[in-house]
Structures are given as C-alpha cells and as structure tokens.
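# Chains, contacts and geometry: an overview
For reference, the chains in residue letters:
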Amino acid sequence: MSTTTDLGVPALRSGTESVPTLDAGAPAQTGKEFTSDQEVRWCPGCGDYAVLKAVQSFLPDLGLRRENIVFVSGIGCSSRFPYYLDTYGMHSIHGRAPSIATGIATAREDLNVWVVTGDGDALSIGGNHLIHALRRNINMTILLFNNRIYGLTKGQYSPTSEAGKITKSTPMGSLDHPFNPVSLALGAEASFVARTIDSDRKHLTSVLAAAAAHRGTSLVEIYQNCPIFNDGAFDAIKDRDTKDNALIPLVHGQPVTYGVPDADNNPTKGVIRDPATGGVKAVDLADLGGPQGDHQTALDQLIVHDAHNPDPSTAFAISRLTDSGYLNTSPIGIFRQVQRPTYDDQARAQIRSSQDAAPGTPTDRLTTLINGTDTWTVV
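All values reported here derive from a predicted model rather than from experimental measurement.

The rules behind these values
Residues numbered from 1 in each chain as written. Predicted model: local features only at pLDDT ≥ 70, side-chain atom pairs only at ≥ 80, totals over all residues. Heavy atoms only, no water. Buried < 20%, exposed > 50% of the residue type's maximum accessible area, 1.4 Å probe, protein only. Helix = DSSP H or I, 4+ residues; strand = E, 2+ residues; numbered from the N terminus. Pairing = 2+ DSSP bridges. Right-handed = clockwise from strand over helix to strand, strands pointing away. Arc of directions from axis to C-beta. Contact = heavy atoms within 4.5 Å. Axes fitted to C-alpha atoms, helices over the stretch in contact; angles between N-to-C directions. Phe/Tyr/Trp six-rings, centres within 6.5 Å; stacked < 30°, edge-to-face > 60°. Lys NZ or Arg CZ within 6 Å of the ring centre and 35° of its normal. Salt bridge = Lys/Arg side-chain N within 4 Å of Asp/Glu carboxyl O. pLDDT = per-residue confidence, 0-100. Core = buried A, V, L, I, M, F, W, Y, C linked by side-chain atoms within 4.5 Å.

Quick look at the pairing of strand β5 (residues 192–197) now. β5 sits mainly inside the fold: six of its six residues count as buried. Covered by surrounding structure in β5 are F192, A194 and T196 together with V193, R195 and I197, the residues of both alternating faces. Taken together, the six bridges between β5 and strand β6 (residues 217–223) define a ladder with parallel strand orientation. Following the sheet pairing, A194 is matched in β6 by V220. Regarding topology, helix α6 (residues 201–213) serves as the crossover connection from β5 to the parallel β6, and that connection is right-handed. Alignment of β5 against strand β11 (residues 330–337), held across four bridges, turns out to be antiparallel.

Encoded structure:
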C-alpha cells in the first residue's frame, strides 16, 4: 500500500506489505463487515464512539483479510475496543499491550498488529513497555486515547492531567507535571509520531491512513473527550471561537501557520526558530512582515515542517508548543515519519540466516543445540 495523505506525507514503505490481501476480484469490504455483534458499552457522548466508527470505516481501505488483523488492548475504557471489531483481538493486561503486540508482530509477519491504549494504561503502569516498543520500532500501530483522566475507575487524575487538576484522588489539586505523549515518543526516537482529535473525522482518518502505511511503530495520540469525568478538557481546540488560535496544524513541506484568518483568508500566526533558546516559538505574522506588512515576507521566515527529517529535534521543539494546562495551543498532525530498520524484520532475518547456515535436518539442528558446548555429563 502506498498513499499520500491530506497531511502531505507519502508512505515510505508499506507497513502491510507482508500481510495477505484480499483475493483478486473479491468484493470490496465495508465497515459493517468489521463491526462485531457486541453491544458498545461506553458512556453516551464518549469520544471513543467517533474513533471506533472511523476505524471501522477505515479498515476496509487496507484491503486486508480480517483474519490477518489483530487488535491488542490493555485496561481502561478504550481497551474495550477489540470487542467491537470483527477481527482477531485480545483484551490483555494493564499496561502490557505493547509487549504482547511485540510478540505477535515478531512471530507472525503475516498479521497487521494494532494496539489500543489510554493515557493511564500507556503512560502510568505501561510507560516502560511503551517507550521500548517505540525505540525498537516494531511493526505495529499504537492508538493512544488521551482523555486526560482515569475514566474506567471513575475520575482520578492521570499522567496527562494538568497540574492543579481537582479529582477524587487529588481533592486539593494535582501536584504532578503532566506527560506530553508526543514529546515522550519523539524522545524515544519513534519513527512515526502523530496527534489527532476524535471530533475531526477527516483529520483522524488521514492520520490513521499514514500510520497504517508506515513500516515500524506508529504512535497516534488521539485527543478524546470524556463527557462524564473530564468534559470540556478540549474545548479550547474544539470551540468554533477559539480553535483557530489553539490548533497548530502540521503539513509536511508547508510553513507552520495557524490563527484566525485575516480579511484575505491568510493565517495570522506562525512558528519560527527562537534564537534565544534554540527551540521554536509562535509569533504574529504581522510582526514579521516588515514595514509594509508583506505576508510573503512573513511566511519566508517561518519553519517549514519536515516530517521526514532524520533528526527529531525540530519535531520535539514543535511538540513543546503544546500547552500543558487548558490546551490553549496544541500542534496536530504528523510530527515525524522516518524509515529505519524494524526490530521484528531484523529478528526474522537473524533466524533465517541461522537456519540457512546450520547443516542437517531440523532434528539434527535441535540435537546440536541441546547438546552444545555448554553441556556436561555427570558420571
């Protein structure tokens, strides 16, 4: 599969190239075929519904057999996901879904492996498992639902909750500084890192397409509203009156611009290098246009987003524009998509190399292994 998404990022090498496709001439699949007979049990208004519907509608586009797709989840509201898809799936152990998916992806090259997790499951008890899956670059797509709260256990603060958050477990306000999942993934040198929003179907589907097409570990953080225990956590980036100034869309090969459009429908804000820190900062384009306020002069000074840059430093700097409080600013899109060797491809290559080099039958090789140099005879 080779795609170029609305975000301007072409697939480098297909993440599904080793997975069997539908037979030639087979009828196209539909979202209904990927919908199980299980009753969906999330709270009314939960953002998970939108993500589920997007995934069910998107999976037929892969052209893969349902028996070659597997979803692995941990524990949490989002982790009920495998029940609602008519594919193979596993509702696994708290925080350990990336580890289980690692084993599946390494043992079965013919499977398209997905992980569904939440901010608590992935970043608290599962933090260690997540970062090692990212650095190893295993062929899997990780969907990290971030509602910035513990929903399943009824409203405790999570690793992504803002400082000062008042919850049942922090009645005087949280003292923790929250994780930025995108920054964390980029720090682990993940080869594909993106962020999207549950309520933006077009953007969500475009990001999913690029993530599924990527060879290696793809991490997609999805801002997902919890209407019961954290309603309104994403109002700044969803409200019609504020979202233009809050969302910073990233499009590969394009200057990073945002802001309420002016009379000529041009963006009014952008992102430039900050010489004082070496990072990046957001500015008003009017301050860059010179005495005549020339828009093109301002655009020429902006950072041009390069998702394929092998050095993740700029992508990391952009991720730090994310407001850790009320999310008054937040970049979305594909931060990084680079190609590097994958753990499972290399592990399989080592096994094949060892098998090809070893003499004799499989039984002979097993006997040699058991009776190797590290054995002795007791007399």
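Turning next to helix α2 (residues 97–107). Within the sequence span of α2, burial applies to A97, P98, A101, T102 and A105. All buried residues of α2 fall inside an arc of 140° around its axis, so they share one side. The secondary structure elements touched by the buried residues of α2 are β1 (69–73), β3 (112–118), α4 (127–136), β4 (140–146) and α11 (343–357).

Further remarks concern the sheet that holds β6. Read from one edge to the other, the open sheet built from eight strands follows the order β2-β1-β3-β4-β6-β5-β11-β7, with strand pairing classed as mixed. Two strands in the sheet have a free side with no partner beyond their single neighbour: β2 (88–91) and β7 (247–250). Neighbour-to-neighbour, the strand axes of the sheet open up by a mean angle of 20°, direction not taken into account. On top of the sheet, α4 reaches β4 and β6; it is set at about 130° to β6, its chief contact. Sheet strands touched by α6: β3, β4, β5, β6 and β11. Its angle to β5, the strand with the most contacts, is close to 160°.

This brings us to unusual backbone geometry. Of note, N137 is a non-glycine position whose phi angle comes to about 65°, a positive value. Mapped onto the elements of the fold, N137 is located in the loop between α4 and β4. Despite not being glycine, R148 has its phi angle at roughly 60°, a positive value. Positionally, R148 belongs in the loop between β4 and α5 (181–187). Here R148 falls in the buried class, since its relative accessible area comes to 4%.

Take the environment of L288 next. Along the chain, L288 falls in the loop between β10 (280–284) and α9 (295–299). With relative accessibility at 13%, the residue L288 sits in the buried group. Considered as a pair, L288 and M172 are 116 residues apart in the sequence and their alpha carbons are 43 Å apart.

Quick look at the packing of aromatic side chains now. One pass over the full model with this rule turns up nine aromatic pairs. With centroids separated by 5.1 Å and ring planes inclined at 85°, the aromatic side chains of W42 and Y84 adopt a geometry described as edge-to-face. Of this pair, W42 sits in the segment before α1 (48–58) while Y84 sits in the loop between β1 and β2, and the two are 42 residues apart along the sequence. Like Y84, W42 is buried. Taken together, a centroid distance of 5.3 Å and an interplanar angle of 15° make the contact between F71 and W114 stacked. Here F71, found in strand β1, pairs with W114, found in strand β3; they are 43 residues apart in sequence, far enough to count as distant. Note on W114: relative accessible area 0%, which makes it buried. Taken together, W42, Y49, F58, F71, F81, Y83, Y84, W114 and F145 form an aromatic cluster joined through their ring pairs. Taking NZ or CZ as reference, R136 lies 5.8 Å from the ring centre of Y343, over its face.

Strands belonging to one sheet form pairs held by backbone hydrogen bonds; the direction of such a pair is parallel or antiparallel. Ordered in space as β8-β9-β10, the three strands form an open sheet in which the pairing is antiparallel. Of all strands in the sheet, those bounded by a partner on one side alone are β8 (257–258) and β10. In terms of strand pairing, β8 meets strand β9 (residues 269–273) through two bridges, oriented antiparallel. Looking across to β9, one finds that Y258 is bridged to K269.

A word on the pattern of salt bridges. Across all of its chains, the model carries 14 salt bridges by this definition. A salt bridge links R65 to E67; its shortest N-O distance comes to 3.9 Å. Judged by its relative accessible area of 31%, R65 falls in the partly exposed class. Between K165 and E162 there is a salt bridge whose closest N-O contact spans 3.6 Å. On the accessibility criterion, K165 (14% relative accessible area) is buried.

Here we come to the confidence of the model for the protein chain. In regions of low pLDDT, the predicted coordinates are not meant to be interpreted in detail. Confidence in the prediction of the protein chain, expressed as mean pLDDT, is 92, and 95% of residues score 70 or more. Note that residues 9–13 has pLDDT below 50 and, in this model, 24 contacts with residues that lie over four places away or in other chains.

As a further point, take the nonpolar core. Grouped together as the largest cluster of nonpolar side chains are 35 residues, with contacts concentrated most on L130, L134 and L219. Aside from chain neighbours lying at most four places away, what touches L130 is P98, A122, L123, I142, L144, L184 and L219. Membership of the second largest hydrophobic core comes to 34 residues, among which are L52, A54, V55 and W114.

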